[in-house]
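Structural overview for review
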Amino acid sequence: MPTTANMEKVNGIVISGAPAVPDAHTLIATATSDGSDASLSFTLGLDSLYDVYEFHFVNIHAETDNVNLTFQVNATDGADFNDSHITSTFFSAGQTEAGAYGALGYEADFDQAQGTAYQVIGLYFGDQNDESGSGVMTLYAPSSTTYIKNWTSVIQVVTRDEYTRICYSAGYINDTTAIDEISFKMSSGEIQGGEIKMYGVAKS
Amino acid sequence: MALTLISTPLDITVSDTAVATVSITSGIDDTYDSYEFHCVGIHPSGASLPNFVFQVGTAAESGYDRNMTTAYFAAANQVSGTWTGLYYSANEDQQNSAQVFQMLAHGAGDENDDSSAVILKLYEPSSTTYVKHFVSVAQMNHHNSSNYQLNSYASGYINTTAAITRIQFKFDAGNIDAGTIKMFGVS
């Protein structure tokens with residue numbers, strides 16, 4: 001029977017400590033804005049190693065006032081971030097520092113029905129020095145060649161005119177080809193600060 | 001490890017002495033980009049249907065009183081099914097308010113099997129450039145008169161560019177007499 005003691009005798013080595021436990025939540029890569037990025041993309045590391053991938057946005061800062069954070073993907077048979085069809089929903093809640101809003105609503109301007117545009121996930125970023133957006137987007141089984149690809153996103157933004165806006169979007173990428181690249185950018189202007197971290201959620 | 005347990009500032013049962021507040025005064029710094037607070041089995045005592053709330057403080061002060069602008073919405077259902085809905089609650093949000101604790105879970109039940117669960121995520125509290133974002137989701141139930149469950153979403157920003165180093169959780173009336181709060185760092 002291959003006990004630890006036997007293995008030590010056979011191999012002449014000392015085995016100590018508990019067996020390594022794989023991380024359940026592994027940081028794969030970080031895209032840090034250099035202050036003038038037209039987009040931040042992950043073109044490596046999105047594969048079958050994990051079932052679920054999370055993208056954590058920390059203080060994404062926009063160059064231009066009143067712009068939206070967006071994403072699109074590229075499948076292994078694609079050439080660019082322009083031909084993956086997305087069907088999505090979008091709702092948000094918000095309030096102003098002056099108490100002038102205070103509402104929850106569906107945002108029909110920001111969903112898609114089989115659209116190929118970059119999908120909006122964060123609304124109306126402000127461009128003042130202390131304004132930014134943070135949140136998490138989750139992409140499920142991008143390497144599947146059987147299913148479409150589901151995603152969900154929660155992004156909290158300090159918007160133009162000093163609103164807080166929490167943005168909930170979700171949907172599916174209508175493609176059974178594996179997706180291996182993802183791109184994030186503002187709807188206009190650059191990403192001028194912040195970072196995006198890509199994590200893998202362990203399969204077992 | 002991308003998600004690291006930093007501390008467990010609350011871990012009590014109903015047989016222990018209840019606490020009025022849970023204050024975390026160390027471990028919130030620039031080691032991690034974001035922090036998660038997992039509040040599990042939170043149970044009140046000494047008040048009817050209190051709200052579970054939080055506030056933060058900076059190194060330059062002793063209190064918990066930062067200005068916040070927040071949004072709050074919830075979905076609810078009664079055991080009887082007589083009232084269901086998804087709604088925005090202007091009573092629970094804030095408009096750059098100072099010294100107000102932000103509600104995370106509304107109307108916690110105090111019967112023996114009632115409890116609340118909350119995950120609060122705080123982004124880059126050590127930043128001295130940006131305001132501080134937070135996002136939370138809470139699930140509570142109570143078996144008191146209206147007998148309902150509530151799934152609530154509070155989020156917003158703490159309107160300071162000073163680093164946040166402390167956070168406090170409490171019920172807005174009565175005590176916490178059971179529950180666990182764990183603080184994690186996301187690397």
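Summarised in this report is the structure supplied together with it. Position labels on residues start from 1 in each chain and follow its written sequence. Whichever chain is written first becomes A and whichever ligand is written first becomes 1, with later ones labelled in order. Where local features are concerned, this predicted model is filtered to residues with pLDDT of at least 70; where side-chain atom pairs are given and counted, the filter is 80 or more; whole-chain, interface and lining totals use all residues. Only hydrogens and water are set aside; all other atoms, that is, all heavy atoms of the structure, feed into the side-chain values.

**Remarks on the overall build of chain A**
Counting its regular elements, chain A contains one helix and 12 strands. The N-to-C order of helical and strand elements in chain A reads α-β-β-β-β-β-β-β-β-β-β-β-β. Buried residues in chain A amount to 46% of all 204 residues. Residue contacts follow a heavy-atom distance rule, with two residues in contact if any of their heavy atoms lie within 4.5 Å. A sequence separation of at least 24 residues applies to 76% of the contacts in chain A between residues at least 6 apart. Every helix listed is a DSSP run of H or I at least four residues long, and every strand listed is a run of E at least two residues long, numbered separately from the N terminus. Accessibility here uses a 1.4 Å probe with only protein chains present; expressed as a share of the type maximum, an area under 20% marks a residue as buried, one over 50% as exposed, and anything in between as partly exposed.

**Overview of the pattern of salt bridges**
By convention in these notes, a salt bridge is any Lys or Arg side-chain nitrogen within 4 Å of a carboxyl oxygen on Asp or Glu. Overall, the coordinates contain six salt bridges over all chains when judged by the stated rule. In this structure, Lys-197 of chain A engages Asp-33 of chain B in a salt bridge whose closest nitrogen and oxygen atoms are separated by 3.5 Å. With one member in each of two chains, Lys-197 of chain A in strand S12 (residues 191–201) and Asp-33 of chain B in the loop between strand S2 (21–24) and strand S3 (34–45) form a pair that bridges those chains. In this structure, Lys-197 of chain A and Asp-33 of chain B share a single accessibility class: buried. Linking Arg-66 of chain B and Glu-61 of chain B is a salt bridge whose minimum nitrogen-to-oxygen distance equals 3.3 Å. Take Glu-61 of chain B: its relative accessible area is 21%, and that puts it in the partly exposed class. Bridged by salt links that share partners, the residues Glu-195 and Lys-197 of chain A together with Asp-33 of chain B form one connected network.

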